[in-house]
Amino acid sequence: MSPQPPAGDRTEPGPEICVVGSVNLDLVVGVDHVPVVGETVLGGDLRRIPGGKGANQAVAAARLGRRVSFVGRVGDDEAGDVLRAELTAARVDVAGLLSTPSAPSGAALIAVQADGDNAIVVSPGANHRLTGSDIGSMTSVAVAAVLLAQGEVTLDAVLAAARHRTGLFVWNPAPMPEWAGQVLGSVDVLVPNQTELGTLVGASVPDDLEVVAAMARSIECPMTIVTLGAAGALVVEAHGDRHVPAPMVRPVDTTAAGDAFCGALADAFVRGLDPIEATEWAVRVSAAATM
Ligand code: ADP
(Lines give C-alpha, C1' and ligand atoms only; values in the text may rest on other atoms or scores of the structure.)
Protein backbone atom coordinates (compact mmCIF):
# COMPACT_ATOMS: atom_id res chain seq x y z
CA MET A 1 0.00 0.00 0.00
CA SER A 2 1.37 3.42 -0.90
CA PRO A 3 1.51 5.91 1.96
CA GLN A 4 -1.44 8.35 2.05
CA PRO A 5 -0.86 12.04 2.88
CA PRO A 6 -2.65 13.27 6.00
CA ALA A 7 -6.25 14.31 5.15
CA GLY A 8 -5.47 18.00 5.68
CA ASP A 9 -2.73 17.90 3.01
CA ARG A 10 -4.96 16.56 0.22
CA THR A 11 -5.78 19.34 -2.21
CA GLU A 12 -8.11 19.03 -5.19
CA PRO A 13 -6.34 19.83 -8.45
CA GLY A 14 -7.43 23.25 -9.80
CA PRO A 15 -9.57 23.72 -12.89
CA GLU A 16 -8.00 23.39 -16.34
CA ILE A 17 -10.75 25.49 -17.92
CA CYS A 18 -12.69 28.34 -16.32
CA VAL A 19 -15.90 29.37 -18.09
CA VAL A 20 -17.22 32.83 -17.22
CA GLY A 21 -20.62 32.81 -18.81
CA SER A 22 -24.34 32.33 -18.94
CA VAL A 23 -26.57 29.55 -17.75
CA ASN A 24 -30.20 29.44 -18.92
CA LEU A 25 -33.16 27.14 -18.80
CA ASP A 26 -33.94 26.52 -22.49
CA LEU A 27 -37.61 26.07 -23.33
CA VAL A 28 -37.53 24.15 -26.61
CA VAL A 29 -40.38 23.43 -29.04
CA GLY A 30 -40.11 21.57 -32.35
CA VAL A 31 -41.93 23.41 -35.17
CA ASP A 32 -42.52 22.88 -38.85
CA HIS A 33 -41.23 26.40 -39.51
CA VAL A 34 -40.33 29.27 -37.16
CA PRO A 35 -43.07 31.94 -37.10
CA VAL A 36 -42.68 35.29 -38.88
CA VAL A 37 -43.85 38.49 -37.14
CA GLY A 38 -47.57 38.28 -36.37
CA GLU A 39 -47.78 34.53 -37.12
CA THR A 40 -48.71 31.79 -34.61
CA VAL A 41 -47.55 28.24 -35.25
CA LEU A 42 -48.33 25.02 -33.38
CA GLY A 43 -45.35 23.07 -32.09
CA GLY A 44 -44.62 19.76 -30.37
CA ASP A 45 -44.39 19.16 -26.61
CA LEU A 46 -42.35 21.66 -24.59
CA ARG A 47 -38.95 20.41 -23.40
CA ARG A 48 -37.04 22.11 -20.55
CA ILE A 49 -33.33 21.75 -21.25
CA PRO A 50 -30.44 23.32 -19.31
CA GLY A 51 -28.53 25.65 -21.62
CA GLY A 52 -26.90 29.03 -21.94
CA LYS A 53 -23.77 29.37 -24.02
CA GLY A 54 -21.49 29.40 -20.98
CA ALA A 55 -23.01 26.29 -19.41
CA ASN A 56 -23.15 24.45 -22.74
CA GLN A 57 -19.47 25.10 -23.38
CA ALA A 58 -18.54 24.12 -19.81
CA VAL A 59 -20.43 20.83 -20.10
CA ALA A 60 -18.93 20.12 -23.54
CA ALA A 61 -15.40 20.50 -22.14
CA ALA A 62 -16.20 18.44 -19.01
CA ARG A 63 -17.58 15.62 -21.20
CA LEU A 64 -14.25 15.57 -22.99
CA GLY A 65 -12.57 14.88 -19.66
CA ARG A 66 -11.39 18.34 -18.61
CA ARG A 67 -11.65 19.80 -15.09
CA VAL A 68 -13.99 22.75 -15.61
CA SER A 69 -15.03 25.49 -13.24
CA PHE A 70 -18.10 27.63 -13.99
CA VAL A 71 -18.44 31.26 -12.90
CA GLY A 72 -21.84 32.90 -13.35
CA ARG A 73 -25.18 33.75 -11.74
CA VAL A 74 -28.59 32.09 -11.46
CA GLY A 75 -31.76 33.38 -9.77
CA ASP A 76 -32.83 32.26 -6.30
CA ASP A 77 -35.55 30.14 -7.92
CA GLU A 78 -36.49 26.62 -9.02
CA ALA A 79 -34.80 27.07 -12.41
CA GLY A 80 -31.60 28.08 -10.59
CA ASP A 81 -31.72 24.88 -8.51
CA VAL A 82 -32.24 22.77 -11.66
CA LEU A 83 -29.36 24.49 -13.47
CA ARG A 84 -26.96 24.11 -10.54
CA ALA A 85 -27.85 20.41 -10.21
CA GLU A 86 -27.38 19.79 -13.93
CA LEU A 87 -23.94 21.40 -14.01
CA THR A 88 -22.93 19.42 -10.93
CA ALA A 89 -24.17 16.18 -12.54
CA ALA A 90 -22.01 17.00 -15.58
CA ARG A 91 -18.98 17.23 -13.24
CA VAL A 92 -18.64 21.00 -13.65
CA ASP A 93 -17.44 22.74 -10.48
CA VAL A 94 -20.14 25.25 -9.43
CA ALA A 95 -18.37 26.90 -6.47
CA GLY A 96 -18.36 30.08 -8.61
CA LEU A 97 -22.06 29.90 -9.54
CA LEU A 98 -23.64 32.67 -7.45
CA SER A 99 -27.28 32.97 -6.42
CA THR A 100 -29.10 36.23 -7.22
CA PRO A 101 -32.21 37.09 -5.15
CA SER A 102 -33.02 40.19 -7.25
CA ALA A 103 -33.43 38.52 -10.67
CA PRO A 104 -34.86 35.32 -12.18
CA SER A 105 -32.59 32.71 -13.73
CA GLY A 106 -31.85 33.26 -17.41
CA ALA A 107 -34.12 31.58 -19.94
CA ALA A 108 -34.10 30.97 -23.69
CA LEU A 109 -37.16 30.38 -25.85
CA ILE A 110 -36.07 28.15 -28.75
CA ALA A 111 -38.06 27.01 -31.80
CA VAL A 112 -36.34 24.20 -33.74
CA GLN A 113 -37.41 23.39 -37.29
CA ALA A 114 -37.51 19.86 -38.69
CA ASP A 115 -34.44 20.70 -40.83
CA GLY A 116 -32.45 21.52 -37.66
CA ASP A 117 -32.41 25.33 -38.08
CA ASN A 118 -33.67 27.37 -35.16
CA ALA A 119 -34.85 30.77 -33.86
CA ILE A 120 -34.04 31.88 -30.29
CA VAL A 121 -35.13 34.60 -27.82
CA VAL A 122 -32.94 34.95 -24.71
CA SER A 123 -34.04 36.51 -21.38
CA PRO A 124 -30.68 37.07 -19.59
CA GLY A 125 -32.09 37.56 -16.05
CA ALA A 126 -29.42 36.82 -13.42
CA ASN A 127 -26.71 36.40 -16.08
CA HIS A 128 -26.72 40.17 -16.56
CA ARG A 129 -26.12 40.72 -12.83
CA LEU A 130 -22.63 39.18 -12.92
CA THR A 131 -20.17 41.94 -11.99
CA GLY A 132 -16.44 42.56 -12.17
CA SER A 133 -16.18 42.36 -8.38
CA ASP A 134 -17.81 38.88 -8.48
CA ILE A 135 -14.98 37.85 -10.78
CA GLY A 136 -12.22 39.41 -8.67
CA SER A 137 -12.93 36.97 -5.83
CA MET A 138 -12.75 33.81 -8.00
CA THR A 139 -9.41 32.00 -7.91
CA SER A 140 -10.57 29.65 -10.70
CA VAL A 141 -10.40 32.56 -13.17
CA ALA A 142 -6.77 33.18 -12.25
CA VAL A 143 -5.48 29.60 -12.21
CA ALA A 144 -7.15 27.91 -15.23
CA ALA A 145 -5.04 27.18 -18.31
CA VAL A 146 -7.91 28.40 -20.52
CA LEU A 147 -10.45 31.14 -19.80
CA LEU A 148 -13.52 30.68 -21.99
CA ALA A 149 -16.18 33.40 -22.23
CA GLN A 150 -19.01 34.45 -24.52
CA GLY A 151 -21.33 37.41 -25.04
CA GLU A 152 -24.18 36.54 -22.66
CA VAL A 153 -22.82 38.12 -19.46
CA THR A 154 -21.74 41.71 -18.75
CA LEU A 155 -18.81 43.62 -20.25
CA ASP A 156 -17.68 44.36 -16.69
CA ALA A 157 -17.44 40.62 -15.89
CA VAL A 158 -15.67 39.70 -19.13
CA LEU A 159 -13.09 42.50 -18.78
CA ALA A 160 -12.44 41.57 -15.13
CA ALA A 161 -11.97 37.92 -16.14
CA ALA A 162 -9.55 38.97 -18.90
CA ARG A 163 -7.55 40.99 -16.34
CA HIS A 164 -7.40 38.26 -13.68
CA ARG A 165 -6.64 35.28 -15.94
CA THR A 166 -3.16 33.90 -16.40
CA GLY A 167 -4.18 31.35 -19.06
CA LEU A 168 -5.20 31.60 -22.71
CA PHE A 169 -8.31 33.76 -23.24
CA VAL A 170 -10.66 32.20 -25.81
CA TRP A 171 -13.61 34.49 -26.57
CA ASN A 172 -16.75 33.44 -28.45
CA PRO A 173 -18.62 36.72 -29.18
CA ALA A 174 -22.02 35.05 -29.21
CA PRO A 175 -24.62 36.29 -29.21
CA MET A 176 -22.78 39.40 -30.43
CA PRO A 177 -22.84 41.99 -27.62
CA GLU A 178 -22.76 45.70 -28.48
CA TRP A 179 -19.60 46.02 -26.35
CA ALA A 180 -17.61 43.45 -28.35
CA GLY A 181 -15.09 46.05 -29.58
CA GLN A 182 -14.01 46.76 -25.98
CA VAL A 183 -12.96 43.13 -25.39
CA LEU A 184 -11.05 42.35 -28.59
CA GLY A 185 -7.80 43.93 -27.35
CA SER A 186 -7.59 41.37 -24.48
CA VAL A 187 -8.44 38.25 -26.48
CA ASP A 188 -5.91 35.55 -27.46
CA VAL A 189 -8.22 33.41 -29.62
CA LEU A 190 -11.41 34.89 -31.11
CA VAL A 191 -14.08 32.37 -32.20
CA PRO A 192 -16.93 34.04 -34.17
CA ASN A 193 -19.30 32.44 -36.65
CA GLN A 194 -19.67 34.11 -40.07
CA THR A 195 -22.56 36.33 -38.97
CA GLU A 196 -20.66 37.52 -35.89
CA LEU A 197 -17.53 38.15 -37.97
CA GLY A 198 -19.53 40.32 -40.37
CA THR A 199 -21.02 42.30 -37.48
CA LEU A 200 -17.60 42.73 -35.82
CA VAL A 201 -16.11 44.37 -38.90
CA GLY A 202 -19.30 46.26 -39.83
CA ALA A 203 -19.90 44.34 -43.06
CA SER A 204 -22.46 41.90 -44.43
CA VAL A 205 -22.09 38.16 -43.73
CA PRO A 206 -19.09 36.91 -45.73
CA ASP A 207 -19.86 33.93 -47.96
CA ASP A 208 -16.47 33.36 -49.55
CA LEU A 209 -13.43 31.93 -47.71
CA GLU A 210 -11.11 34.68 -48.98
CA VAL A 211 -13.48 37.37 -47.73
CA VAL A 212 -13.79 35.55 -44.38
CA ALA A 213 -9.99 35.47 -44.11
CA ALA A 214 -9.60 39.14 -45.06
CA MET A 215 -12.25 40.22 -42.53
CA ALA A 216 -10.71 38.08 -39.77
CA ARG A 217 -7.26 39.49 -40.50
CA SER A 218 -8.59 43.05 -40.18
CA ILE A 219 -9.40 42.36 -36.49
CA GLU A 220 -6.53 43.04 -34.12
CA CYS A 221 -6.38 39.63 -32.48
CA PRO A 222 -3.46 37.17 -32.49
CA MET A 223 -5.71 34.39 -33.81
CA THR A 224 -9.25 34.15 -35.14
CA ILE A 225 -11.02 30.83 -35.75
CA VAL A 226 -14.19 31.41 -37.78
CA THR A 227 -16.84 28.68 -37.65
CA LEU A 228 -18.50 28.06 -41.01
CA GLY A 229 -21.42 25.74 -40.22
CA ALA A 230 -21.42 22.71 -42.54
CA ALA A 231 -18.23 24.04 -44.17
CA GLY A 232 -16.17 23.56 -40.97
CA ALA A 233 -13.88 26.36 -39.76
CA LEU A 234 -11.15 28.74 -40.92
CA VAL A 235 -8.06 29.36 -38.77
CA VAL A 236 -6.65 32.84 -39.41
CA GLU A 237 -3.28 33.89 -38.02
CA ALA A 238 -0.96 36.74 -39.02
CA HIS A 239 1.21 34.38 -41.08
CA GLY A 240 -1.60 32.64 -42.98
CA ASP A 241 -4.88 30.80 -42.83
CA ARG A 242 -6.06 27.19 -43.02
CA HIS A 243 -9.50 25.83 -43.90
CA VAL A 244 -10.55 22.80 -41.83
CA PRO A 245 -13.55 21.17 -43.58
CA ALA A 246 -16.33 19.47 -41.58
CA PRO A 247 -17.19 15.81 -42.02
CA MET A 248 -20.43 15.12 -43.92
CA VAL A 249 -23.19 14.48 -41.38
CA ARG A 250 -26.99 14.53 -41.30
CA PRO A 251 -27.75 17.24 -38.72
CA VAL A 252 -30.77 16.79 -36.45
CA ASP A 253 -30.33 19.97 -34.36
CA THR A 254 -27.58 22.56 -34.84
CA THR A 255 -28.61 24.56 -31.72
CA ALA A 256 -25.42 24.12 -29.72
CA ALA A 257 -22.91 23.25 -32.48
CA GLY A 258 -20.92 26.42 -31.81
CA ASP A 259 -20.86 25.64 -28.08
CA ALA A 260 -19.57 22.10 -28.68
CA PHE A 261 -16.94 23.65 -30.96
CA CYS A 262 -15.75 26.10 -28.26
CA GLY A 263 -15.73 23.47 -25.50
CA ALA A 264 -13.69 21.11 -27.67
CA LEU A 265 -11.31 23.89 -28.69
CA ALA A 266 -10.64 24.74 -25.03
CA ASP A 267 -10.11 21.03 -24.30
CA ALA A 268 -7.58 20.79 -27.14
CA PHE A 269 -5.65 23.89 -26.03
CA VAL A 270 -5.40 22.50 -22.47
CA ARG A 271 -3.95 19.30 -23.99
CA GLY A 272 -1.34 21.35 -25.84
CA LEU A 273 -2.57 20.78 -29.40
CA ASP A 274 -1.56 23.43 -31.94
CA PRO A 275 -4.29 25.69 -33.41
CA ILE A 276 -4.83 23.56 -36.54
CA GLU A 277 -5.00 20.28 -34.59
CA ALA A 278 -7.27 21.94 -32.03
CA THR A 279 -9.60 23.14 -34.80
CA GLU A 280 -9.65 19.71 -36.45
CA TRP A 281 -10.73 18.26 -33.11
CA ALA A 282 -13.37 20.97 -32.53
CA VAL A 283 -14.80 20.48 -36.05
CA ARG A 284 -15.17 16.73 -35.44
CA VAL A 285 -16.74 17.15 -32.00
CA SER A 286 -19.21 19.84 -33.17
CA ALA A 287 -20.24 17.86 -36.26
CA ALA A 288 -21.03 14.93 -33.96
CA ALA A 289 -23.02 17.29 -31.70
CA THR A 290 -25.39 18.24 -34.57
CA MET A 291 -26.40 14.58 -34.94
P1 ADP B 1 -22.99 28.56 -34.51
O2 ADP B 1 -23.71 27.31 -34.09
O3 ADP B 1 -22.32 29.26 -33.38
O4 ADP B 1 -23.76 29.48 -35.41
P5 ADP B 1 -21.71 27.24 -36.76
O6 ADP B 1 -23.05 27.11 -37.40
O7 ADP B 1 -20.62 27.82 -37.57
O8 ADP B 1 -21.75 28.06 -35.40
O9 ADP B 1 -21.30 25.78 -36.27
C10 ADP B 1 -20.19 25.58 -35.41
C11 ADP B 1 -19.42 24.35 -35.87
O12 ADP B 1 -20.29 23.22 -35.83
C13 ADP B 1 -18.92 24.43 -37.30
O14 ADP B 1 -17.65 25.05 -37.33
C15 ADP B 1 -18.87 22.97 -37.68
O16 ADP B 1 -17.64 22.40 -37.27
C17 ADP B 1 -20.02 22.35 -36.90
N18 ADP B 1 -21.23 22.23 -37.74
C19 ADP B 1 -22.29 23.05 -37.73
N20 ADP B 1 -23.21 22.66 -38.64
C21 ADP B 1 -22.70 21.54 -39.23
C22 ADP B 1 -23.16 20.64 -40.25
N23 ADP B 1 -24.33 20.81 -40.86
N24 ADP B 1 -22.34 19.62 -40.61
C25 ADP B 1 -21.15 19.42 -40.00
N26 ADP B 1 -20.67 20.24 -39.03
C27 ADP B 1 -21.43 21.28 -38.65
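Structure first, text after, so check above.
Quick caveat: nothing in here was measured; it's all calculated off a predicted structure.

Any two side chains of opposite charge can pair, on the condition that their charged atoms come close. As enumerated under the stated definition, the model contains nine salt bridges in all. Of the charged contacts in the structure, one is a salt bridge between Glu16 and Arg66, with a shortest N-O distance of 3.0 Å. On the criterion of sequence distance, the pair formed by Glu16 in the segment before β1 (17-20) and Arg66 in the loop between α1 (53-63) and β4 (68-75) is long-range, its members being 50 residues apart. Here Asp259 makes a salt bridge to Lys53, at a shortest N to O gap of 3.0 Å. Highlighted residues: Asp259 in helix α8 (residues 257-270) and Lys53 in helix α1, separated in sequence by 206 residues. Pair check on accessibility: Asp259 and Lys53 agree, each one buried. In the salt-bridge network here, residues are joined through shared partners; they are Glu16, Arg66, Arg67, Asp267 and Arg271.

This model, assessed by the stated rule, comprises one aromatic pair. Seen in terms of ring centroids, Trp171 and Trp179 are 6.0 Å apart; in terms of plane orientation they differ by 25 degrees. Their pairing is stacked. Take Trp171 and Trp179: they sit in the same class, and that class is buried.

Right, let's talk about the side chain of Thr227 for a bit. Tracing the chain through its elements places Thr227 in strand β11 (residues 223-227). Residues contacting Thr227, with those up to four places away along its chain left out, are Val191, Pro192, Asn193, Gln194, Gly232, Ala233 and Phe261.

Relative to the helices and strands, Val74 resides in strand β4. Linking Val74 and Asp93, residues 19 residues apart in sequence, is a C-alpha distance of 15 Å. Filtering out sequence-adjacent residues up to four positions away, Val74 remains in contact with Val23, Gly80, Leu83, Arg84, Leu97, Leu98, Ser99, Thr100, Ser105 and Ala126.

As for its placement among the helices and strands, Glu152 is situated in the loop between β8 (146-149) and α5 (155-164). Side chain to side chain, Glu152 and Ser22 meet in a polar contact 2.3 Å long. One polar contact links the side chain of Glu152 to the main-chain amide nitrogen of Lys53, over a distance of 3.0 Å. Not counting residues up to four positions away in its chain, the partners in contact with Glu152 are Ser22, Asn24, Gly52, Lys53, Val122, Asn127, His128, Ala174 and Pro175.

What counts as what
Within any chain, residue numbers begin from 1 and follow the written order of that chain's sequence. Where totals are concerned, whole chains, interfaces and linings use all residues; where local detail is concerned, this predicted model gives features only for residues with pLDDT of at least 70, and gives and counts side-chain atom pairs only at 80 or more. Heavy atoms from the whole structure form the basis of all side-chain values; hydrogens and water molecules are not counted. By salt bridge we mean one thing: a side-chain nitrogen of Lys or Arg within 4 Å of a carboxyl oxygen of Asp or Glu. For helices the rule is a DSSP run of H or I covering at least 4 residues; for strands it is a run of E covering at least 2, with both sets numbered from the N terminus onward. Residue exposure (1.4 Å probe, protein chains only): buried if accessible area is under 20% of the type maximum, exposed if over 50%, otherwise partly exposed. Between 30 and 60 degrees the pair is tilted, below 30 it is stacked and above 60 it is edge-to-face, where a pair is any two Phe, Tyr or Trp rings, Trp via its six-membered ring, whose centres lie within 6.5 Å. Residue contacts are defined here by distance: any two heavy atoms, one from each residue, within 4.5 Å place the two residues in contact. Polar contacts here mean pairs of N or O atoms no more than 3.5 Å apart (in protein, one a potential hydrogen donor and the other a potential acceptor; neighbouring residues in sequence count only if both atoms are side-chain atoms).

Shape descriptors only; they carry no functional weight alone.
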